[in-house]
Amino acid sequence: MNKMVNKLWTRIFIVAAAVLLLLFFSNDFGLIDIQETAIVVALGIDAAQEGEGYDVTAQIAVPASTGTSSAGNVTVKGVPTVGEAVAELNHETGWYPTLVHCRLILLGEEVANEDVFNVLDYFLRNDAVEDSCLVAACKGTARETFQAQSPVGDISASAITKVLSSEAQATGIVTVTILKNFAVGYYSESESGFLPRISIKQEADSQGGQNADGAFAPAGAFEKENAPYALSLAPSIKRNKWWRAKKRPLPIAAPVSAEGGNQGSGGQGGSGKSGSGSSADVFHASETMLFYKGKRVALLTPEETLAYNLAATDTDYAYGSVDVSENGEQTSYNLKMKISKKKRKLTFENGMPVFTFTIRANARIADTDKSHPIIDVAKTLLVNETILRAAEEKFQSELASVWQKATNAGCDLFFLKEKLHRFHYKRYADFKDSVPAAVQVRYDIKFTSMK
């Protein structure tokens, strides 16, 4: 009996192996012919500079025998829809564009002034673009942002996706948003959402970093002077079988003119900048743009972004600074904070809605701006109660600022209408038009030492 069973399983194994081999040698499993395909790694959408419609910039990965990454930018101007722009890429370059590897959708600043889902609905309809694709807004235009030069040699789209990594979200630096989550917020009862705002700061070789106004800003100065919780950043679409356009080489990374590329509907430009040998561009995404009904309504500062992440996202730990008066002098403490519990609950008291933030965090001293006795250094895990209370007050102040800014702009940032509809449906008709403005907010924030 056992021999018969063994023979049966042996035959099953041989048949299965034969089927797998047949599939392996008879199917390419969707392999991309890089000789005929333009691999789009990112798409940027701007309001048309001339006339109506949009200027769509595609950053296309260029294969290189050296193995180093390079990319070219192709801009299709004045198109009414993103879908038409993608189709036009084939006409402009003779290469068939594929969006399977698109990992970033970047919206220009002017696009954010209108309903952004006028353009984002294309990606929801297109099965080639994954729901996990990152979505972000930028300062200025997406075309200019893609032309920036990363200081570590990455193409700009790759550098931006690293800035918007899950690690950055976990530490509260940025608010990472993917296409799926942004669409869920837009189509929910709250009709709200947020996007990280990408900005570029040029770093010269012989000078320190400069802020947006050109003023010198040494590392850490902004956090200590202005930001109680600011962080110091360390550094299948089928091919057309009956018609083929005339092939032209893809644009490669090269210096561009002062106008940022060729004029016309298919202006091309490299991912580098003129004079990039003496300077590089650093991407920042610590600001957060708030949206209501698809339009931007407010902007959170880096400190408010961190406070929001600590209260409402998957942020696990963060660094923040707090000033405490000791012996008549101000001492700045840099704290390492680990969130042990966070909860947001909507309840009703006396017929009115109450929203409570409950946050528990452990803290330890990471650094100070003054020297301390060796006994204090040895007990760095034991944080003084005065410091802990000051950290609680600072955190509550920043979180209250986030609430007030979002409420004044009409953005339901904490999705209270959705909570009201889901958990208190009988009261939904009465309060759907007054939430979140009519909600009383309470803060239950407690910091303790790590030991």
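Parameters and conventions
- Residues numbered from 1 in each chain as written.
- Predicted model: local features only at pLDDT ≥ 70, side-chain atom pairs only at ≥ 80, totals over all residues.
- Heavy atoms only, no water.
- Pairing = 2+ DSSP bridges.
- Helix = DSSP H or I, 4+ residues; strand = E, 2+ residues; numbered from the N terminus.
- Axes fitted to C-alpha atoms, helices over the stretch in contact; angles between N-to-C directions.
- Contact = heavy atoms within 4.5 Å.
- Nonpolar A, V, L, I, M, F, W, Y, C, P; charged D, E, K, R; others polar.

A few words on the pairing of strand β13 (residues 352-368). Where strand β12 (residues 329-349) and β13 come together, 16 bridges link them in antiparallel fashion. Residue K338 lies in a different strand from β13, and its bridge partner there is N362. The turn linking β12 back onto β13 is made up of two residues, and N350 within it adopts a positive phi angle of 55°. Here β13 pairs with strand β14 (residues 440-449) via 10 bridges, running parallel. Within β14, the position partnered with A361 by the bridge is F447.

Packed helix pairs are characterised by how far apart their axes lie and by the angle those axes make with each other. Packing of helix α2 (residues 82-93) against helix α3 (residues 117-125) leaves a shortest axis separation of 9 Å and a crossing angle of 65°. Contact with α2, carried on its side by V82, G83 and V86, involves V119, Y122 and F123 of α3 and no other residues of that element. Taken together, the residues of the contact of α2 with α3 break down into five nonpolar, one polar and no charged.

One open sheet accounts for four strands, arranged β11-β12-β13-β14; its pairing is mixed. Looking along the sheet, the strands with just one partner apiece sit at the ends: β11 (317-326) and β14. The sheet shows a mean angle of 35° between the axes of neighbouring strands, direction not considered. Across the face of the sheet, helix α11 (residues 385-409) comes into contact with β11, β12, β13 and β14 while running at roughly 150° to β14. Against the sheet, helix α12 (residues 416-423) touches β12 and β13, its axis set at about 35° to β12.

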